[in-house]
Amino acid sequence: MNGLSFSELCCLFCCPPCPGRIASKLAFLPPEASYDLKPEADSTNSKFTLTLHDKADWQYTDREKECFEVFYARSSRGNRIACLFVKCSANARFTLLFSHGNAVDLGQMTTFFIGLGQRINCNIFSYDYSGYGQSSGKPTEKNLYADIDAAWHALRTRYGISPENIILYGQSIGTVPTVDLASRYEVGAVILHSPLMSGMRVAFPATKRTWFFDAFP
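Residues numbered from 1 in each chain as written. Predicted model: local features only at pLDDT ≥ 70, side-chain atom pairs only at ≥ 80, totals over all residues. Heavy atoms only, no water.

1. Side note on a nonpolar patch on the surface
- The grouping of Val179, Val190 and Leu192 at the surface amounts to a nonpolar patch, some 220 Å² of accessible area in total.
- We classify Val190 as partly exposed; its relative accessible area is 39%. (Patch = residues over 30% accessible without salt bridge, like charges linked within 9 Å, V, L, I, M, F, W, Y side chains within 5 Å. Areas by Shrake-Rupley, 256 points an atom, 1.4 Å probe, with all protein chains shown as cover. Salt bridge = Lys/Arg side-chain N within 4 Å of Asp/Glu carboxyl O. Buried < 20%, exposed > 50% of the residue type's maximum accessible area, 1.4 Å probe, protein only.)

Structure representation (structure tokens):
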């Protein structure tokens, strides 16, 4: 968000239904997908193989790809959410539930996830927001909250990881769903990397209060 045009300001202050649409257009920059999830032949569509495109900029060998497990979760708003579990360490105590920043998808984050997990001896679970990567739907604020909720329940039920061993990590736009989830569940810790204060405060840093139409409060 680098500022709002006059027409967008008019919509923001005069037309209550419009701020959400304005925020979605300004805040979300989904890239062209850098990966595919291909169903395995004998899996009845429940198991998938991660195929990375050149845009993913993968910097390891194929051996490290054995650490990846990919699948889809269904959000409460009906979207199919692409999920990625990266098993970086066999004896890891903690798992990061990682909400990535804008203009990237899971494929572009794979190299970073491997490097981070190996350095801190921690497994990593991440997901793509609605409209990003191979996740269906459109990126909106409400979908963002439903997306991380679907990821949380998938992490808890599929892998049986206790809440005290889950660390929420949000980067940039990913701090929005991270804070929302942390307000509703007990977790081991919360890490906010370049967090947003709110949509209005990004566009207008001098904003001193939270308005009813503010996005990402």
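Next, the rest of the story.
2. Re unusual backbone geometry
- A positive phi angle is found at Asp57, which is not glycine, with a value near 55°.
- Along the chain, the position of Asp57 falls in the loop between strand S2 (48-52) and strand S3 (68-74).
- On the basis of relative accessible area, Asp57 is assigned to the partly exposed category, the value being 47%.
- Notably, Ser194 is not glycine yet its phi reads approximately 55°, a positive angle.
- Relative to the elements of secondary structure, Ser194 occurs in the loop between strand S8 (189-193) and helix H6 (199-203). (Helix = DSSP H or I, 4+ residues; strand = E, 2+ residues; numbered from the N terminus.)

3. As for the packing of aromatic side chains
- Overall, the coordinates contain 15 aromatic pairs when judged by the stated rule.
- With centroids separated by 6.3 Å and ring planes inclined at 70°, the aromatic side chains of Phe125 and Tyr159 adopt a geometry described as edge-to-face. Linking Phe125 in strand S6 (residues 123-127) with Tyr159 in helix H4 (residues 141-159), this pair joins segments that are 34 residues apart in sequence.
- Given the relative accessible area of 0%, Phe125 is considered buried.
- Taken together, the ring pairs connect Phe71, Phe85, Phe125 and Tyr159 into an aromatic cluster.
- Positioned above the aromatic ring of Phe71, the side-chain terminus of Arg158 is 3.9 Å from the ring centre.
- Positioned above the aromatic ring of Trp211, the side-chain terminus of Arg209 is 4.4 Å from the ring centre. (Phe/Tyr/Trp six-rings, centres within 6.5 Å; stacked < 30°, edge-to-face > 60°. Lys NZ or Arg CZ within 6 Å of the ring centre and 35° of its normal.)

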